[in-house]
Amino acid sequence: MKKTYFITPFFIARRTAISCFYDEGLDFECNKCSACCRLSPGYVYLSQRDLTSLCQWFKLSEEEFIEKYCRWVGYYEGKEALALVELKNYDCIFWNKDSGCTAYGARPIQCSTYPFWSWILKDRDSWNSISKDCPGINKGKHWTKEQIDEQRSLYVHNEPITR
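No experiment lies behind these values; they were computed from the predicted model shown.

So, how was this worked out
Residues numbered from 1 in each chain as written. Predicted model: local features only at pLDDT ≥ 70, side-chain atom pairs only at ≥ 80, totals over all residues. Heavy atoms only, no water. Helix = DSSP H or I, 4+ residues; strand = E, 2+ residues; numbered from the N terminus. Buried < 20%, exposed > 50% of the residue type's maximum accessible area, 1.4 Å probe, protein only. Contact = heavy atoms within 4.5 Å. Areas by Shrake-Rupley, 256 points an atom, 1.4 Å probe, with all protein chains shown as cover. Patch = residues over 30% accessible without salt bridge, like charges linked within 9 Å, V, L, I, M, F, W, Y side chains within 5 Å. Salt bridge = Lys/Arg side-chain N within 4 Å of Asp/Glu carboxyl O. Lys, Arg positive; Asp, Glu negative; His and termini not counted. Charge placed at Lys NZ, Arg CZ, Asp CG, Glu CD. Polar contact = N/O pair within 3.5 Å; in protein donor to acceptor, adjacent residues only side chain to side chain. Phe/Tyr/Trp six-rings, centres within 6.5 Å; stacked < 30°, edge-to-face > 60°. Lys NZ or Arg CZ within 6 Å of the ring centre and 35° of its normal. Pairing = 2+ DSSP bridges. Core = buried A, V, L, I, M, F, W, Y, C linked by side-chain atoms within 4.5 Å.

Describing the overall build of the chain
Thought 1: Assigned secondary structure in the chain consists of six helices and six strands.
Thought 2: Sequence-ordered secondary structure for the chain, helices as α and strands as β, is α-β-α-α-β-β-β-β-α-α-β-α.
Thought 3: Going through the 163 residues of the chain one by one, you find that 31% of them count as buried.
Thought 4: Restricting the contact set of the chain to residue pairs at least 6 apart, pairs at least 24 apart contribute 69%.
Thought 5: As displayed, the chain offers around 11,100 Å² of accessible surface, 53% of which is attributable to carbon and sulfur atoms.

A closer look at a negative patch on the surface
Thought 1: Taken together, Glu-62, Glu-63, Glu-64 and Glu-67 make up a surface patch of like negative charges.
Thought 2: Along the chain, the position of Glu-64 falls in helix H3 (residues 62–69).
Thought 3: Glu-64 gets classed as partly exposed once you look at its relative accessible area, which sits at 44%.

A look at the side chain of Asp-50
Thought 1: Residue placement: Asp-50 occurs in helix H2 (residues 48–58).
Thought 2: Looking at Asp-50, its side chain comes within polar contact range of the main-chain nitrogen of Ile-109, at 2.9 Å.

A look at the pattern of salt bridges
Thought 1: With the rule as written, the count across this model stands at five salt bridges.
Thought 2: Glu-86 is paired through a salt bridge with Arg-71; the nearest N and O atoms lie 3.9 Å apart. Highlighted residues: Glu-86 in the loop between strand E3 (80–84) and strand E4 (95–96) and Arg-71 in strand E2 (residues 70–74), separated in sequence by 15 residues.
Thought 3: Between Glu-80 and Arg-163 there is a salt bridge; the shortest N-O distance is 2.8 Å. Here Arg-163 lies in the segment after helix H6 (145–156) and Glu-80 lies in strand E3, a separation of 83 residues in the sequence.

Examining the packing of aromatic side chains
Thought 1: Summed over all chains, the structure comprises 16 aromatic pairs.
Thought 2: A ring pair is formed by Phe-21 and Tyr-22, whose centres lie 5.4 Å apart and whose planes are at 85°; its orientation type is edge-to-face. Summarising the burial analysis for this pair, Phe-21 and Tyr-22 share the class buried.
Thought 3: Ring centres of Phe-65 and Phe-94 lie 6.1 Å apart, and the angle between their planes is 35°; on these two criteria the pair is classed as tilted. Of this pair, Phe-65 sits in helix H3 while Phe-94 sits in the loop between E3 and E4, placing them 29 residues apart in sequence. Accessibility classification places Phe-65 together with Phe-94 in one group, the buried group.
Thought 4: In textbook terms, an aromatic cluster arises when at least three aromatic residues are bridged by ring pairs, as seen for Phe-28, Phe-116, Trp-127 and Trp-143.
Thought 5: It is Lys-32 that lies over the ring of Tyr-104; its NZ or CZ is 4.7 Å from the centre.

What to know about the pairing of E2
Thought 1: With five bridges joining them, E2 and E3 adopt antiparallel strand pairing. Counterpart to Cys-70 in the pairing with E3 is Leu-84.
Thought 2: Hairpin connection from E2 to E3: five residues lie between these consecutive antiparallel strands, with Glu-77 at a positive phi of about 55°.

Structural notes on the nonpolar core
Thought 1: Of all hydrophobic cores here, the largest spans 16 residues; its most connected members are Leu-46, Leu-54, Phe-65, Cys-70, Leu-84 and Phe-94.
Thought 2: Put simply, the parts of the chain that give this core at least two residues each are H2, H3 and E3.
Thought 3: A per-element tally of this core places H2 first, with three residues.
Thought 4: When sequence neighbours within four positions are dropped, the list of residues in contact with Leu-54 reads Leu-46, Phe-65, Phe-94, Ala-103, Ala-106 and Pro-108.
Thought 5: Counting 15 residues, the second largest nonpolar core, distinct from the first, contains Trp-117, Ile-120, Leu-121 and Trp-127.

Right, here's the structure in full:
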């Protein structure tokens with residue numbers, strides 16, 4: 001009698017574990033140069049968690065905080081997303097030349113998870129290309145794959161406030 005084996009998705013997932021370039025971890029330590037916070041345009045989207053944390057940090061209501069520090073910007077599917085204002089020279093609204101980030105203890109997930117963003121972790125070339133702008137990449141603290149994946153997951157699942 002011939003035996004029949006059924007291959008379940010769980011079995012396939014276990015047998016075909018996808019390896020990535022950071023299986024052995026990566027080195028990164030922020031040296032607070034602020035290159036990721038200034039001098040180039042971009043959006044820092046705010047989730048409800050980010051907004052709540054920043055409001056507590058600055059001791060402002062949501063309405064006061066949004067009026068003072070935020071703007072609505074175009075987002076996907078015709079929506080707008082809440083984002084931090086940036087200055088005319090593209091510096092983050094919270095960046096200060098003397099003290100760095102004035103919201104560091106409550107900085108948004110997008111900021112705190114840098115450089116472990118999905119598009120940067122796509123492959124070794126993407127990771128290394130960011131090192132040209134970020135002197136902390138490939139230096140300092142060693143992050144395990146699990147730690148990196150946790151940061152990446154926080155970034156990926158941090159949904160901005162939209163309208």
